Amino acid sequence: MKKIAFAAAALLAAPLAAQGDIETICTTGVPVVAQEQCAVVAQAVDAAQPQLGILMAGGNPTLGTASTGGVRLGLIPRVSLTGRINVVGARLPDIREEADGEADQFTLPAPAVGANLSIGLTQGFSVAPMIGGFGAIDLLGSVSVLPLSLVGDDFGDNAFSWGAGARVGLIRESFVMPGVSVSLMYRSLGDVSFGNVCEGTEVPAGDNRSVCSTDDDFGEIQFGLDNWSARAAVSKRLLGLGLTAGVGYDRFETSADFAVRAPGPPVGAEQIYRFSDIAVDNDRWSAFLDGSFTILFGSIVAEVGWMQGSDPVENFPSTSDFDPREGTFFGSVGARLSL
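The structure presented is a predicted model; accordingly, all values stated were derived computationally and were not measured. (Residues numbered from 1 in each chain as written. Predicted model: local features only at pLDDT ≥ 70, side-chain atom pairs only at ≥ 80, totals over all residues. Heavy atoms only, no water.)

A.B. asks: Explanation requested: the pairing of strand 9 (residues 209–212) in the structure shown.
C.D. replies: Taken residue by residue, a regular strand's side chains alternate between the two faces of the sheet. One ladder, built from 4 bridges, connects strand 8 (residues 202–206) with strand 9; its direction is antiparallel. Residue E202 lies in a different strand from strand 9, and its bridge partner there is C212. Between the end of strand 8 and the start of strand 9, which pair antiparallel, lie 2 residues, with D207 showing a positive phi angle near 50°. Pairing between strand 9 and strand 12 (residues 270–295): 2 bridges, direction antiparallel. Looking at the pairing, R209 lines up with Y273 of strand 12. (Pairing = 2+ DSSP bridges. Helix = DSSP H or I, 4+ residues; strand = E, 2+ residues; numbered from the N terminus.)

A.B. asks: Mind showing me how you'd approach the environment of A245 here?
C.D. replies: With respect to the helices and strands, A245 occurs in strand 11 (residues 241–263). Classification of A245 as partly exposed rests on a relative accessible area of 33%. Excluding its chain neighbours within four sequence positions, the residues that come into contact with A245 are A232, A233, V234, F288 and L289. (Buried < 20%, exposed > 50% of the residue type's maximum accessible area, 1.4 Å probe, protein only. Contact = heavy atoms within 4.5 Å.)

A.B. asks: Looking at this model, I keep getting lost on unusual backbone geometry. Mind explaining?
C.D. replies: Phi is positive for D277, close to 55°, though the residue is something other than glycine. With respect to the helices and strands, D277 occurs in strand 12. Among the residues examined, D277 registers a relative accessible area of 36% and is labelled partly exposed. Even without a glycine there, the phi angle at N315 is positive, about 75°. With respect to the helices and strands, N315 occurs in the loop between strand 13 (298–307) and strand 14 (328–338). N315 sits in the partly exposed class, given a relative accessible area of 33%.

A.B. asks: Sorry if this is basic, but what is going on with the confidence of the model for the protein chain here?
C.D. replies: Close inspection of predicted coordinates is inappropriate for parts of the model with low pLDDT. Averaged over all residues, the pLDDT of the protein chain is 85; the fraction at 70 or higher stands at 87%. Per-element averaging of pLDDT across the protein chain places helix 1 (residues 2–13) at the bottom with 38 and strand 13 at the top with 96. Within the model, the stretch residues 1–19 combines pLDDT values under 50 with 33 contacts to residues more than four positions away or in other chains. (pLDDT = per-residue confidence, 0-100.)

A.B. asks: Would you mind showing me how to read the packing of aromatic side chains here?
C.D. replies: In total, this model carries 7 aromatic pairs according to the counting rule given. Relative to F134, the ring of F125 lies with its centre 5.4 Å away and its plane at 70°, an arrangement referred to as edge-to-face. You can call F125 partly exposed: its relative accessible area is 48%. Judged by relative accessible area, F134 falls into the partly exposed class, the value being 35%. (Phe/Tyr/Trp six-rings, centres within 6.5 Å; stacked < 30°, edge-to-face > 60°.)

A.B. asks: Quick question: what am I supposed to make of a nonpolar patch on the surface here?
C.D. replies: Taken together, the side chains of L241, F293, I295, L296, F297, L337 and L339 define a hydrophobic patch exposed on the protein surface, amounting to about 770 Å² of accessible area. One can find L241 in strand 11. (Patch = residues over 30% accessible without salt bridge, like charges linked within 9 Å, V, L, I, M, F, W, Y side chains within 5 Å. Areas by Shrake-Rupley, 256 points an atom, 1.4 Å probe, with all protein chains shown as cover. Salt bridge = Lys/Arg side-chain N within 4 Å of Asp/Glu carboxyl O.)

A.B. asks: Honestly, the side chain of R172 in this entry has me stumped. Any pointers?
C.D. replies: Here R172 lies in the loop between strand 6 (159–171) and strand 7 (179–194). With no salt bridge to any partner, buried R172 finds its closest opposite charge in D138, at an N-O distance of 6.2 Å. A distance of 2.9 Å separates a polar atom in the side chain of R172 from the backbone oxygen of Q123. (Lys, Arg positive; Asp, Glu negative; His and termini not counted. Polar contact = N/O pair within 3.5 Å; in protein donor to acceptor, adjacent residues only side chain to side chain.)

A.B. asks: In this structure, what is going on with the pattern of salt bridges? I would like to understand it.
C.D. replies: If charged atoms from side chains of opposite charge come close, those side chains can pair. A full pass over the atoms with the stated rule returns 14 salt bridges. Its salt-bridge partner being D283, residue R251 comes within 2.6 Å of it at the nearest N-O pair. Separated by 32 residues along the polypeptide, R251 in strand 11 and D283 in strand 12 bring together distant segments of the chain. R251 gets classed as partly exposed once you look at its relative accessible area, which sits at 26%. Residue D283 is classed as partly exposed on the basis of its relative accessible area of 31%.

Structure representation (structure tokens):
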């Protein structure tokens, strides 16, 4: 019912609710009396996008190592398979409840369950005695599921993601040298949703406005996600214990739909304002640290990381408990099998 109402209202919303930018859409798509409430929901979209993106991507694309695999014998490649659980300490303006025209902060640990595959494509070459692997290439792949239905009833269905890319070696790890590499991956995440402004029937009220027969959430958001993630990492093992440190740069792109319950016209009357195909673009730097323990071909790995925040959208209330400038912590645990 929610999706049908959302789609119908989105068609009625053009042209005001089409092809805008999340940072300024609330200054043109709603009257002045509703702009602050609209900005709270727009901020929820702008904050949720990179947090879900880093949940999908994590830090190290191959947990516990920065070294490329190369090949084993002839054309037989080295293969590494990792099962992992990612967790993000997600923070959002709470669009489920309105408090004096703004939203409190909503926090929860958001999980993702996935697998990563690395296949050694080329061996690379030596630049000096005992310093090899320069130019080695590994192909990378990933799949994951975000079990949003386990987080709470306010979220929609589970979302799935896939990714592909490559890692290029600068130095292969050896007894005397660390492993150093850079990687680039593309990932795509299916639609996620949070909140519901109208469980009942919506009646069009002009432009991108409607009225609802029931009193539900303050806001509602829905979007998919495309992500380009670049990583540079260095790793070293000693007696089975290993450390990997790295930095990341992510580009997140989204076309989002969102809705907000806010004052009319007429003055004092609550109405629903819907927006569709809103552009949301974010760039974020991150850093991560892996610790691993390896026995023969298997490794147990844990990762911690941090991603930077950003400036608020226009008209977002500075008195809100939620501060978009704060960074986001993330982490992973997993097991890697290398052959």
